[in-house]
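What the coordinates show
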Amino acid sequence: MTDEPSPAERALYLTAVRGGGRLRPEDLAPADRPTLAALVARGLLTPTATGWTAASPRALGDRIGLELRTRALRLLRHAERLPGTLGPLARAYDAARHPGVDLPAVHPGTGDPGTGDPAAGTVDDAAEVRRRVGELVSECREEVLAAQPGPRPLEALRMAVAQDLSLLRRGCSLRTVYQPVTLADPAARSQVALRTGHGAQVRVLAEPYERVLVFDRAVAVIPADVDRNRAAFLTDPTTVAYLVAQFERDWARATPADRHLDPPSVTTVRIGRLLARGLTQRAVATRLGVSERTVAAHISRLRDRYGAQTLFQLGWLMRGSRDDR
């Protein structure tokens, strides 16, 4: 029996309620008998000498709520014990392999286990890519580097949060570079802030860069097609070192995410929109009736947020903003 009444059970219970809280045998059709039995089993209907009486659903809600909370606590305790239970197996696994180097061999372009070069294995199935990346996160010992251009799907951030926090709790470093578009979404900002609150380092780079994940500077994962449904898992030391150097170059040019996590003020947004229309700093000050020094302070914050070096670049980056009237 499920936790919640079925549509048929709800309908029959409401029939009893509308009948003054009572249900008589003559009110039932033969097909209602299984539904009646289910309502009695739930405690929503109580048998009497003349039929059945409706009981309060609140009592059922309290009982089921208690059962669910008890079940949830048991699952949480089990989840906390599981790493310790699997610890001996994990240590034996680690001792039997060199971390990050002997990935399952795959044929280039197929993603099937075989005798292909493990240093350049391509996996075609998106679900299998996610599974292998999740395995690399779980096995990571020191550091994850992640360059994530373009908007990040909120669902993907939510799905990965438990694994990311587990990574951080066991002392690993997590550094991620995003583009401003990711942090433009309040829900995505909240997900990023959840990670930074546990020690993750996040920076924002407002220029093009390539997607890459690097685990312990031993395994790199890059897209293998435009749609990013295929991925290449690379373990060649020279290739991985090159990708790490590219990441470090982008990281050095990026700005800290804490300048982006708090939404800009209304005045800052208005100034940004006017700059996107091509107005000069003096013209913006005149339009808004504020000093040029005030406008300059807001522009400085916008430059930090968008990673812009000049007013022209800032206006270009903000060109999607609406006009400010």
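Here the structure is shown first, and the text comes after it.
A short tour of the structure in this document, coming up.

What counts, and where the lines are drawn
Residues numbered from 1 in each chain as written. Predicted model: local features only at pLDDT ≥ 70, side-chain atom pairs only at ≥ 80, totals over all residues. Heavy atoms only, no water. Helix = DSSP H or I, 4+ residues; strand = E, 2+ residues; numbered from the N terminus. Contact = heavy atoms within 4.5 Å. Areas by Shrake-Rupley, 256 points an atom, 1.4 Å probe, with all protein chains shown as cover. Phe/Tyr/Trp six-rings, centres within 6.5 Å; stacked < 30°, edge-to-face > 60°. Lys NZ or Arg CZ within 6 Å of the ring centre and 35° of its normal. Core = buried A, V, L, I, M, F, W, Y, C linked by side-chain atoms within 4.5 Å. Buried < 20%, exposed > 50% of the residue type's maximum accessible area, 1.4 Å probe, protein only. Pairing = 2+ DSSP bridges. Axes fitted to C-alpha atoms, helices over the stretch in contact; angles between N-to-C directions. Salt bridge = Lys/Arg side-chain N within 4 Å of Asp/Glu carboxyl O. 1 Å grid on protein atoms, 1.4 Å probe; cavity = no way out; pocket = protein on both sides within 12 Å on 5 of 7 lines; lining within 4 Å. Points joined across faces, edges and corners; volume = space filled by probe spheres on them. Nonpolar A, V, L, I, M, F, W, Y, C, P; charged D, E, K, R; others polar. Expected span 1.5 Å × (residues − 1). Polar contact = N/O pair within 3.5 Å; in protein donor to acceptor, adjacent residues only side chain to side chain. Right-handed = clockwise from strand over helix to strand, strands pointing away. Patch = residues over 30% accessible without salt bridge, like charges linked within 9 Å, V, L, I, M, F, W, Y side chains within 5 Å.

**Brief notes about the overall build of the chain**
When helices and strands are tallied, the chain shows 13 helices and eleven strands. Of the contacts made within the chain by residues no fewer than 6 positions apart, 67% connect residues no fewer than 24 positions apart. Total accessible area on the chain is roughly 18,700 Å²; 56% of this is exposed by carbon and sulfur atoms.

**As for the packing of aromatic side chains**
Inspection of the entire model under this criterion finds one aromatic pair. In this structure, Arg-175 packs its charged tip against the face of Trp-251, placed 5.0 Å from the ring centre.

**A look at the nonpolar core**
Counting 22 residues, the largest nonpolar core has Val-133, Leu-167, Phe-215, Val-221 and Phe-233 as the members making the most contacts within it. Counting only elements with at least two residues in this core, the list comes to helix 4 (126–139), strand 5 (143–148), helix 5 (154–169), strand 8 (212–215), strand 9 (219–223) and strand 10 (231–234). Dropping the residues within four chain positions of it, Leu-167 is found in contact with Val-137, Cys-140, Val-144, Cys-172, Ser-173 and Leu-174. Membership of the second largest hydrophobic core comes to 16 residues, among which are Ala-147, Leu-205, Ala-220 and Ala-254.

**Points about the sheet that holds strand 2 (residues 45–47)**
An order of 1-3-2 is seen for the three strands of this open sheet, with the pairing classed as antiparallel. Across the chains shown, the open sheet's two edge strands, defined by having one partner strand only, are strand 1 (22–23) and strand 2. Of the strands in this sheet, strand 1, strand 2 and strand 3 (52–54) touch helix 2 (residues 33–42), which is tilted by about 95° from strand 2.

**What to know about the pattern of salt bridges**
Across all of its chains, the model carries 17 salt bridges by this definition. A salt bridge links Arg-195 to Asp-164, with the nearest nitrogen and oxygen atoms 2.8 Å apart. Taken together, the residues span a long stretch of sequence, with Arg-195 in helix 7 (residues 186–196) and Asp-164 in helix 5 at a distance of 31 residues. On the basis of relative accessible area, Arg-195 is assigned to the buried category, the value being 4%. One salt bridge connects Glu-248 with Arg-217, and the closest N-O pair in it is separated by 2.8 Å. In this pair, Glu-248 is assigned in helix 8 (residues 237–253) and Arg-217 in the loop between strand 8 and strand 9, connecting sequence segments 31 residues apart. Shared partners join several salt bridges into a network, and the residues in it are Glu-128, Arg-131, Arg-132 and Glu-135.

**Re the layout of surface pockets**
Approximately 1,000 Å³ is the volume attributed to the largest pocket. As for the largest pocket, its lining consists of 34 residues, and the residues nearest its centre are Arg-130, Val-133, Gln-148, Arg-152 and Leu-213. Mapped by element, the contributors of at least two residues to the lining of the largest pocket are helix 4, strand 5, helix 5, strand 6 (173–178), strand 8 and strand 9. Residue contributions to the lining of the largest pocket peak at seven residues, all from helix 5. Looking at side-chain class alone, the lining of the largest pocket contains 21 nonpolar, five polar and eight charged residues.

**As for helix 4**
In this model, helix 4 (14 residues) spans 20 Å end to end at C-alpha, consistent with the 20 Å of a helix rising 1.5 Å per residue. One side-chain oxygen at the N-terminal end of helix 4 lies 3.3 Å from the backbone nitrogen of Ala-127; it belongs to Asp-125.

**Concerning unusual backbone geometry**
A positive phi is found at Asp-216, a non-glycine position, where the angle reads about 55°. Tracing the chain through its elements places Asp-216 in the loop between strand 8 and strand 9. For Asp-216, a relative accessible area of 25% gives the class partly exposed. Backbone geometry at Arg-217 places phi at a positive 55°, although glycine is not the residue there. The exposure class assigned to Arg-217 is partly exposed, which follows from its relative accessible area of 41%.

**A closer look at the pairing of strand 5**
By the criterion of burial, strand 5 is predominantly enclosed, with six of the six residues buried. Sheet topology note: the strand 5/strand 6 ladder contains six bridges and is parallel. The residue bridging Leu-145 from the neighbouring strand is Arg-175, located in strand 6. For the segment spanning strand 5, helix 5 and strand 6, crossover handedness is right-handed.

**Observations regarding a nonpolar patch on the surface**
A cluster of nonpolar side chains, namely Leu-82, Leu-86 and Leu-89, defines an oily patch on the protein surface of about 270 Å² accessible area. Summarising the element assignment, Leu-89 is placed in helix 3 (residues 57–95).

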